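Here's the letter readout for the chains.
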Protein chains: 2
Amino acid sequence: MDDPYGRPAPFGPLVADCHMAPLARPGQDITFDELQLATRNRGMPLEGLHYDITPVGMHYLLVHFDIPSVDVGDWRLRVGGAVDRPVELAIAEIRSRPEVTIPVTMECAGNGRARLDPRPISQPWLVEAVGTAEWTGTPLAGLLQEAGLADDAVEIVFTGADRGIESGIEHDYQRSLTISEASRPEILLAWAMNGRDLEPQHGYPLRLIVPGWYGMASVKWLTGIDAVTAPFAGYQQATAYRYQESRDEPGEPVTRIRVRALMIPPGIPDFRTRSRFVDGGAVTVTGRAWCGTELVAGVELGVDGDWQPAVLDEAPGPWAWRRWSCSWEAVPGDHVLACRAIDADGNIQPGEAPWNLQGMGNNLVQEVAVSVR
Amino acid sequence: MDDPYGRPAPFGPLVADCHMAPLARPGQDITFDELQLATRNRGMPLEGLHYDITPVGMHYLLVHFDIPSVDVGDWRLRVGGAVDRPVELAIAEIRSRPEVTIPVTMECAGNGRARLDPRPISQPWLVEAVGTAEWTGTPLAGLLQEAGLADDAVEIVFTGADRGIESGIEHDYQRSLTISEASRPEILLAWAMNGRDLEPQHGYPLRLIVPGWYGMASVKWLTGIDAVTAPFAGYQQATAYRYQESRDEPGEPVTRIRVRALMIPPGIPDFRTRSRFVDGGAVTVTGRAWCGTELVAGVELGVDGDWQPAVLDEAPGPWAWRRWSCSWEAVPGDHVLACRAIDADGNIQPGEAPWNLQGMGNNLVQEVAVSVR
């Protein structure tokens, strides 16, 4: 043991402190704390962009605290707070309600954090915190209607079974939505992913799915749904998940997913560096693109700074990514491929990372360096 | 773009070079190359030790190159080389053969690499590269018998569909087993994991399963099985996966899994540091233990250096881990919990990491620092 937290000898002193989102020193490599998070949490290898629906075990996963092991016999969903008819429901009662299945692209709000400089110390995603699954569940709106929201209810708070400490504050993982957001017809209480019961790490036996929002809104391992009469001020709502430039400002809340395209890196990789090697000739570059407000409107492939439009396929559904493809005549030498998406409002991915203190919503254009042989 | 490989600005110059297993500087944090590997590859969060059989999406995963996307209609398994009756088999032909299901604990040979000092630069596992799945397939031995091995055949070479470059050498991923090892009855050609078709990242449509060996032997995305008349000298066999002290010696090959126990860290975590906080009183500490030669014989729980025996449950099968548990009276203060396993031959986990150049087989005792409140 080298320090009170059991960090082993090979690692230098921690940059992290008791504040949220401490920053790495300029140019500092990844710390032990970030490595611990990176080996627990799971990105989608970019080859996963090959599939309309991401296989369960390839889907990205971010777990704040520990993955709870829920005994479904004892488990109940408590619906309460400012409602006329509070209720506790067993999983069978929930699963007997009207059922829908929706393909939803989900992305972690911290995706791209490790490309920022200085780098906020947290889960060090590069670009891979994304996936699209078919979620099966029942619309939340129907349950809220049956419970009868009080006239003065302003938000719905969702509580998960995962508990831990962040920035010195012990809490169950909780997030809220306004009544208006919570009433959207596509918001689900989901018990299945890709046609099978949720695996434990994805929220078994029941999770919230909020299409269009970054993943923090889709609370896993639901235990409680409470209507409240004042805006929820819990840690994960009021402190975390804000676009903040400094600690002194509250910042705007993180909500919808920003527009983004990713490509499957073409050719073959070097194991350790992930450098790419491509045979010369005609290459079809493909990937997926999405945004949280509507379907993506366009994608371009960049080759050494020259941009050309890609062909966009239909999306599997209104809340899912679209496949794109673009042909490229690969000539020998070193090249930089890039892709960028644009949404219907004209928002386009930036060529420079949008920096903020928590490392949220970095939808920087992806670049892939390739050597053509 | 900051360098030819597209490494972004926040990261310092690479330590890695064109040699295999370059070493980090003493005390150096995790490099960008290691982070790229850590966000692609997937450890099992230690809460996964709760389950006899690891859910598919929680099982560890190490992929050398890219995950191939196999069109199963075109796919054939080629059985050839020094055999009397070479054959090509479609997946339906393989799946109609005699079928068995075996629970197997699999671990990456590089598990624990990131605890070494100096640290070999490769996939930076801490302790989490493990999982136990029920693999369904047909025994390899029957297929080899039907093909008829030539009298001078000495090894069987297994070829995967994944191709890439390692240490400057381009190759398909290939590994071999001696005829004697390959003929063990529990070695499977597996098409299902936990009762379902393999997901792409676990080797769809067919992979090898070599119970008892580290994971590099269980070749994924099988395309070829060839009997050869001289020991296989491919990169992944003769260069990689060796217990080497220096580059000048060939080293012993990595084969069976070394004895190891892991615990589920008790209490609740801090999100970023993963520090653990436990309520005082009676705590049952649980985990799993395994080794690749036989069932684990014993496990001990250490509390601040005092060791006591744990209770071992039955294993789900002869090639799988055993659950262990041990009671602990938690008194307020800071403590270090540890666990160690011993096999039937008296091999016990070391208290100091067994160093080697490639970072293989580090079965160092796990320590978990906890604060009791």
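Keep in mind that this is a model prediction, so the values were computed, not measured.

### Notes on the interface of chain B and chain A
The interface is formed by 68 residues belonging to chain B together with 68 residues belonging to chain A. Those elements that provide at least two residues to the side of chain B that touches chain A are helix 1 (32-40), strand 5 (155-166), strand 14 (268-269), strand 21 (333-342) and strand 22 (366-372) of chain B. Examining the composition of the side of chain B that touches chain A, we find that 6 residues originate from one element, helix 1 of chain B, more than from any other.

### Thoughts on helix 1 (residues 32-40) of chain A
Within helix 1 of chain A, 9 of the 9 residues are buried, which leaves the element mostly enclosed by the surrounding structure. Contacts from the buried residues of helix 1 of chain A go to helix 1 of chain B.

### Examining the relation of the copies chain B and chain A
Least-squares fitting of chain B to chain A yields an RMSD of 0.0 Å, with the superposition described by an axial translation of 0.0 Å and a rotation of 180 degrees. In the structure described here, the two chain copies are related by an operation that fits a two-fold rotation axis. Judged by C-alpha distance, Gly-57 of chain B is the residue of chain B that lies nearest the rotation axis, at 1.8 Å. Same-surface contact between copies: 100% of interface residues of chain B are shared with the interface of chain A.

### Things to note about helix 3 (residues 140-147) of chain B
All names here are of chain B. Listing the buried residues of helix 3 in full gives Leu-140, Leu-144 and Ala-147. Summarising the axial view, the buried residues of helix 3 lie within an arc of 60 degrees, below the 170-degree limit, and thus occupy one face. Check the buried side of helix 3 and you find it contacts strand 1 (77-81), strand 2 (87-89), strand 4 (130-139), strand 5, helix 4 (179-182) and strand 7 (188-193). Where helix 3 ends, the next residue or the one after it, Gly-148, has phi of about 75 degrees, a positive value.

### So, the sheet that holds strand 22 (residues 366-372) of chain A
All names here are of chain A. Taken together, 6 strands build an open sheet; the order of strands is 14-15-22-21-17-18 and the sheet is mixed. The open sheet terminates on both sides in strands that have one partner only, identified here as strand 14 (268-269) and strand 18 (306-309). Relative to strand 22, strand 15 (residues 276-278) runs parallel, the two being bridged by 3 bridges. Its bridge partner being in strand 22, Arg-276 is matched across the sheet by Val-370.

### Considerations on the confidence of the model for chain A
Residues and elements named next belong to chain A. Taken residue by residue, chain A gives an average pLDDT of 94. The fraction at 70 or more is 95%. Across chain A, element-level confidence peaks in strand 9 (residues 207-209) with a mean pLDDT of 99 and bottoms out in helix 1 with 95. Counting interchain partners and residues more than four positions distant, the pLDDT-below-50 stretch residues 1-18 has 45 contacts. For this predicted complex, the interface score ipTM comes out at 0.93, alongside a pTM of 0.94.

### With respect to the pairing of strand 21 of chain B
Residue and element names in this part refer to chain B. Judged from the 6 bridges that link them, strand 17 (residues 298-303) and strand 21 form a sheet pairing that is antiparallel. By the bridge assignment for strand 21, Val-299 is matched with Ala-341. Both strand 21 and strand 22 contribute to a ladder of 7 bridges, which runs antiparallel. Pairing of Val-336 across the sheet is with Ala-369, part of strand 22.

Thresholds applied
- Residues numbered from 1 in each chain as written.
- Chains lettered and ligands numbered in written order.
- Predicted model: local features only at pLDDT ≥ 70, side-chain atom pairs only at ≥ 80, totals over all residues.
- Contact = placed C-beta atoms within 7 Å.
- Helix = DSSP H or I, 4+ residues; strand = E, 2+ residues; numbered from the N terminus.
- Buried ≥ 20, exposed ≤ 12 C-beta atoms within 10 Å, placed from the backbone.
- Least-squares fit on C-alpha atoms with pLDDT ≥ 70 in both.
- Arc of directions from axis to C-beta.
- Pairing = 2+ DSSP bridges.
- pLDDT = per-residue confidence, 0-100.

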